[in-house]
Amino acid sequence: MAGYKLSCCLLPWCQLPVGTGSPTSNPVLQRTVLGWSHSCAQRRQLSRFWEVDSCPTSRGLSKEEAACEQYFTETTTHDESGRFIVRLPKKEGILSHLGDSKAGALRRLRWMQRRLIKNPDLNAQYVGFMAEYLDLGHMISVDPLQDTTHSHPFYLPHHAVLKPSSTTTKCRVVFDGSSKSSTGISLNDCLMVGPTVQDTLYSIVVRFRNLVADIAKMYRQIWIHPDDRHLQRLFWKGETDFVGCPYELTTVTYGLSSAPYLVTRCLQQLSYEHSKDDGDIPLKIGKDFYVDDFLSGSDTEVLSHIPDEFQDKRSIVKVDDIQGSVSTLGLLWHPESDTFRFKVHEFSMNLPITKWIVVSEMSKLFDPLGILGPVHAYGACVYIRSIGMDGAIACRLLTAKSRVAPIQTLSFPRLELSSAVLLSQLYKNVVCSLNMTPEAYFWSDSSITHTFVSNSGLYTSVTWHGGMSTLACAAIESGPSQKIS
């Protein structure tokens with residue numbers, strides 16, 4: 001069990017709790033062979049590597065999430081062009097306590113203006129961004145003399161977020177829905193967040209093959225109902241304005257707590273409304289989007305019909321100093337070789353090796369499929385064996401999951417059984433993600449696991465094999481008729 005004995009050597013049992021209560025929530029002084037260390041947030045963060053956990057599982061909707069779903073279904077409409085018009089899912093009991101927000105919004109505007117004056121390049125991008133909002137009708141001016149809104153408006157502060165690696169928008173203006181009003185309540189406090197309606201990132205990446213796309217200005221493709229736009233007001237002054245003028249945002253606004261739900265729910269609704277259409281496009285819209293990023297797969301012939309203006313034909317794209325790779329969802333994908341790549345930050349061996357540094361370095365590895373497996377005491381992996389139309393056979397590592405030895409003392413037999421449990425959960429997630437029931441084979445090098453499975457009587461249709469090295473492993477097969485992409 002790699003890492004288990006090492007942790008025991010580094011962490012002799014000598015702890016001094018600080019304060020009262022559970023040691024997992026309070027600071028603890030830990031004596032190690034390297035000296036005394038202090039752990040509080042570090043201990044909580046470390047615990048996620050040590051916990052005996054399972055793969056993600058789905059859950060039902062909470063009461064608020066169910067209410068949000070019902071409100072969306074009852075209030076969402078389309079305009080003449082087919083675009084969605086949505087209402088903000090409000091918590092009416094809290095909304096009535098929303099206070100004045102003008103003073104805070106004007107104060108933040110003056111602060112932002114001072115920042116823009118010091119940075120001409122940022123100023124040009126910011127002004128251009130807001131000008132585009134006006135030109136596209138995503139922001140309209142409010143005439144105080146003709147304002148007939150009876151409800152209390154909310155004014156959103158805004159600031160710039162720069163993303164140089166973006167292929168669509170380098171400078172994005174973000175609106176602060178968490179800014180407190182005079183009563184200490186923000187607009188986000190008054191909105192329902194809504195449930196997660198898209199597939200998990202894990203499922204999408206497992207299915208991903210050879211097609212990456214995104215929706216430009218996704219949030220701004222959806223209109224907000226005119227009766228709710230008074231909650232999306234802001235102050236802005238152009239080059240000729242001396243005082244901030246009021247405007248209203250007419251589309252779903254990035255920075256509101258309900259915005260991610262509204263845009264992803266509209267995608268799901270679009271998939272549902274066209275579910276009876278020919279082809280698999282409606283299914284892909286509903287299953288292969290992660291917010292605005294589309295990761296899917298299709299035959300090469302289908303890809304060749306994509307119009308040139310929608311294709312990125314750069315042969316070498318420099319992202320994070322790795323040539324030829326396209327960054328999507330934090331992953332590095334090399335289109336030519338159709339492989340994932342990982343960038344590991346350079347680590348200085350001159351620094352002292354502490355628990356905090358170990359956790360910090362491990363958290364920098366974005367690896368949803370678990371194929372790197374940086375540290376483990378027990379784990380599981382799944383390979384996929386496919387047979388092409390020409391009869392060619394390929395076998396590749398599809399996904400893996402590993403765990404280090406847990407904080408609580410567990411026997412070696414229990415750790416070995418834990419790897420089998422982890423494998424069964426991992427296999428279930430893979431099968432659900434691929435939407436197929438392939439022929440599968442399971443391996444484990446643990447005789448205890450073999451004996452337990454054989455004697456339990458729970459897996460009469462499953463055969464476990466021996467001969468693996470340290471991990472529980474499964475292999476699934478797919479033939480030409482089973483298109484996993």
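Look above for the structure.
Just so you know, these numbers come straight off a predicted model, no measurement behind them.

A.B. asks: Explain the overall build of the chain to me, and be specific about the residues and the numbers.
C.D. replies: When its secondary structure is counted, the chain shows 13 helices and 22 strands. Counting across all 485 residues of the chain, residues that qualify as buried make up 39%. Across the chain, contacts joining residues at least 24 apart in sequence account for 67% of those joining residues at least 6 apart. If you sum the accessible surface of the chain, you get close to 27600 Å²; carbon and sulfur atoms cover 56% of it.

A.B. asks: Could you give an account of unusual backbone geometry, naming the residues involved and the relevant values?
C.D. replies: A positive phi angle is found at Val 291, which is not glycine, with a value near 60°. Among the structural elements, Val 291 can be located in the loop between β13 (289-290) and β14 (293-296). Within the chain, Asn 435 stands out as a residue other than glycine whose phi angle is a positive 55°. For Asn 435, the position within the fold is in the loop between α12 (412-434) and β20 (439-443).

A.B. asks: Break down the environment of Glu 69 for me, with residues and values.
C.D. replies: With respect to the helices and strands, the residue Glu 69 is situated in helix α3 (residues 63-75). Sequence spacing of Glu 69 and Arg 265 is 196 residues, and the spatial spacing of their C-alpha atoms is 8.9 Å. When near neighbours in sequence (up to four residues on either side) are disregarded, Glu 69 contacts Leu 61, Pro 195, Val 197, Tyr 261 and Arg 265. Reaching out from Glu 69, the side chain makes a polar contact with the side chain of Tyr 261 at a distance of 2.6 Å.

A.B. asks: Tell me about the pattern of salt bridges, residues and numbers included.
C.D. replies: All chains considered together, the criterion is met by 13 salt bridges. Its salt-bridge partner being Glu 132, residue Lys 217 comes within 3.6 Å of it at the nearest N-O pair. With Lys 217 in the loop between β9 (211-214) and β10 (223-224) and Glu 132 in helix α6 (residues 120-135), this residue pair connects regions lying 85 residues apart in the sequence. When its relative accessible area of 27% is taken as the criterion, Glu 132 is described as partly exposed. Arg 207 is paired through a salt bridge with Asp 288; the nearest N and O atoms lie 3.2 Å apart. Pair noted here: Arg 207 is in helix α7 (residues 201-207) and Asp 288 is in the loop between α9 (281-287) and β13, with a separation of 81 residues, a long-range link. Residue classification places Arg 207 among the buried positions, given a relative accessible area of 9%. One salt-bridge network, held together by shared partners, links Asp 199, Arg 207, Lys 287 and Asp 288.

A.B. asks: Could you give an account of the packing of aromatic side chains, naming the residues involved and the relevant values?
C.D. replies: Under the criterion given, the structure shown has 10 aromatic pairs. Summarising the aromatic geometry, the rings of Phe 72 and Tyr 261 are spaced 6.1 Å apart at their centres and angled 75° between planes, so their arrangement reads as edge-to-face. Linking Phe 72 in helix α3 with Tyr 261 in helix α8 (residues 259-273), this pair joins segments that are 189 residues apart in sequence. For the pair Phe 72 and Tyr 261, one class covers both residues: buried. Ring geometry for Phe 289 versus Phe 294: centroids 4.9 Å apart, planes at 45°, classification tilted. Aromatic rings pair up to connect Phe 129, Tyr 133 and Phe 175 into one cluster. The lysine or arginine in question, Arg 172, covers the ring of Tyr 254, its NZ or CZ lying 5.2 Å from the ring centre.

The rules behind each value
Residues numbered from 1 in each chain as written. Predicted model: local features only at pLDDT ≥ 70, side-chain atom pairs only at ≥ 80, totals over all residues. Heavy atoms only, no water. Helix = DSSP H or I, 4+ residues; strand = E, 2+ residues; numbered from the N terminus. Buried < 20%, exposed > 50% of the residue type's maximum accessible area, 1.4 Å probe, protein only. Contact = heavy atoms within 4.5 Å. Areas by Shrake-Rupley, 256 points an atom, 1.4 Å probe, with all protein chains shown as cover. Polar contact = N/O pair within 3.5 Å; in protein donor to acceptor, adjacent residues only side chain to side chain. Salt bridge = Lys/Arg side-chain N within 4 Å of Asp/Glu carboxyl O. Phe/Tyr/Trp six-rings, centres within 6.5 Å; stacked < 30°, edge-to-face > 60°. Lys NZ or Arg CZ within 6 Å of the ring centre and 35° of its normal.

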